[in-house]
Amino acid sequence: MAKSRNTRRERDADAVVEPVDGGLAQLLPDRDRARAWTLLIDGAPQSHVDLDDPAHLSFEYQRRLGHVIDLVAPPGKPLHVVHLGGGAFTLARYVAATRPRSTQQVVERDAALVQLVRRELPLDPGARIRVRSVDARQGLAKVPDGWADLVLADVFSGARTPAHLTSTEFLDEVRRALKPGGAYAANLADGPPLAHLRGQIATAAARFAELALVADPTVLRGKRFGNAVLVASDLPLPTAELTRRAASDPHPGRVEHGRALTDFTGGAVPVVDASAVASPAPPPSVFR
């Protein structure tokens, strides 16, 4: 493939580097897996995909979201899933592989990124996955009332979650799209003093009866910047099995729920549209 100003493939490494709406996208081959790739945007890792084994989840936070996907319904049962944020469609591929006949909607604002991923890492044509290139909240508004069994939020712009996806009004839209008893799970990123994370827990608690948080213990102690997966529903969550799975991951995680999670919020108040701000930017050292 010839190099150009807009696209180049580095023949020796077989990497793909291309500008997209959100910055410079890189698809880097995984040297340990024949048809696996890591997607980076402006140097920040976004997704890992194994085309030969879409049930393989390499990133820590994606494994934790995978546990949620596994546990929200009996094994193999097809689901209606909304993905806010697409990346390389890792979790949509995972659902299609582990829960055949599921119907999924992916909302990914970056149209150029969608085109890149479709071209270089094509989806299974038999998978029921529809992709919309619009803002996450606008795309969510188009989901019919009570359609989704599960809404997954993994939206970052410049490594930060946009402010309008952090509020109670946003979660009102999530609840509208969910079936009664459906579940919501979000990938959140924060570092000390964890004010953003505590505020997001308080926001979810204002709209859902049951919550659980999965994260590396050092992140929960405010020792470093990292990801946390927040899970919410009006029905009891499978916290015992989620705890077991998180503890057995290559990078073990801890699950907080109930009174311990309430105490963790430290009196934080729910976020509303009028006062919402984007999540904090990660320090440069995170991606070194």
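Before reading further, recall that the structure is shown in the block above.
As a starting point, this report considers the structure included with it.

Check the secondary structure of the protein chain and you find nine helices and 13 strands. Its C-alpha atoms give the protein chain a radius of gyration of 18 Å, near enough to 19 Å, the size a compact globule of 288 residues would have. Over its C-alpha atoms, taken along the principal directions, the protein chain stretches across nearly 60 × 40 × 40 Å. Counting every position in the protein chain, which comprises 288 residues, the buried fraction comes to 51%. Sequence-distant contacts, at least 24 apart, represent 67% of the contacts inside the protein chain between residues at least 6 apart. When the accessible surface of the protein chain is totalled, it reaches about 13,100 Å², and 51% of it is carbon and sulfur. Taking the average location of the 36 positive side-chain charges in the protein chain and that of its 33 negative ones, the two points are 1 Å from each other.

Attention now moves to the sheet that holds strand β10 (residues 178–190). Strand order in the open sheet formed by eight strands is β8-β7-β6-β9-β10-β12-β11-β13, with mixed pairing between adjacent strands. Across the chains shown, the open sheet's two edge strands, defined by having one partner strand only, are β8 (128–132) and β13 (254–257). Recorded for the sheet is a direction-independent mean angle of 15° between the axes of neighbouring strands. Summarising the sheet, strand β9 (residues 148–153) and β10 pair through five bridges and their orientation is parallel. Note on β10: the bridge partner recorded for Leu150 is Ala183. The strands touched by helix α6 (residues 195–205) within the sheet are β10, β11 (210–215) and β12 (226–233), with β10 carrying the most contacts at an inclination of about 170°.

Inspection of the secondary structure assignment puts Val214 in strand β11. Given a relative accessible area of 1%, Val214 falls into the buried group. The spatial distance from the C-alpha of Val214 to the C-alpha of Ala247 is 9.9 Å, given a sequence separation of 33 residues. Setting aside residues no more than four positions away along its own chain, Val214 makes contact with Arg64, Ala228, Val229, Leu242, Ala246, Arg254 and Val255.

Moving on: the pairing of β9. For β9, the tally of buried residues reaches six of six residues, placing the bulk of the element in the interior. Bridge count between strand β6 (residues 80–84) and β9: four bridges; the pairing is parallel. Counted as the bridge partner of Val81 is Leu150 from β9. In this region the chain leaves β9, passes through helix α5 (residues 168–177) and returns to the parallel neighbour β10; the handedness of that crossover is right-handed.

The final tally for this structure, using the stated rule, is three aromatic pairs. Taking 6.4 Å as the distance between ring centres and 70° as the angle between the ring planes, the aromatic pair formed by Phe170 and Tyr184 counts as edge-to-face. Note that Phe170 is positioned in helix α5 and Tyr184 in strand β10, a separation of 14 residues in sequence. By relative accessible area, which is 5% here, Tyr184 ends up buried. Consider the rings of Tyr184 and Phe208, whose centres lie 6.2 Å apart with planes at 5°: the pair is stacked. Taken together, the positions of Tyr184 in strand β10 and Phe208 in the loop between α6 and β11 put the pair 24 residues apart, joining distant regions of the chain. Judged by its relative accessible area of 6%, Phe208 is buried.

On to the packing of α6 against helix α9 (residues 258–265). Running from N to C, α6 and α9 cross one another at 130°; their axes reach a closest spacing of 8 Å. Taken together, the axes of α6 and α9 lie oblique to each other. Seen along the crossing, α6 lies across α9 with a hand that is left-handed. Of the residues in α9, those touching α6 at Leu197, Arg198, Ile201 and Ala202 are Leu261, Phe264 and Thr265.

About the criteria used
Residues numbered from 1 in each chain as written. Predicted model: local features only at pLDDT ≥ 70, side-chain atom pairs only at ≥ 80, totals over all residues. Heavy atoms only, no water. Helix = DSSP H or I, 4+ residues; strand = E, 2+ residues; numbered from the N terminus. Rg over C-alpha atoms; globule rule 2.2 N^0.38 Å. Buried < 20%, exposed > 50% of the residue type's maximum accessible area, 1.4 Å probe, protein only. Contact = heavy atoms within 4.5 Å. Areas by Shrake-Rupley, 256 points an atom, 1.4 Å probe, with all protein chains shown as cover. Lys, Arg positive; Asp, Glu negative; His and termini not counted. Charge placed at Lys NZ, Arg CZ, Asp CG, Glu CD. Pairing = 2+ DSSP bridges. Axes fitted to C-alpha atoms, helices over the stretch in contact; angles between N-to-C directions. Right-handed = clockwise from strand over helix to strand, strands pointing away. Phe/Tyr/Trp six-rings, centres within 6.5 Å; stacked < 30°, edge-to-face > 60°. Parallel < 35°, antiparallel > 145°, perpendicular 65-115°, else oblique. Left-handed = near helix turned anticlockwise from the far one by under 90°.

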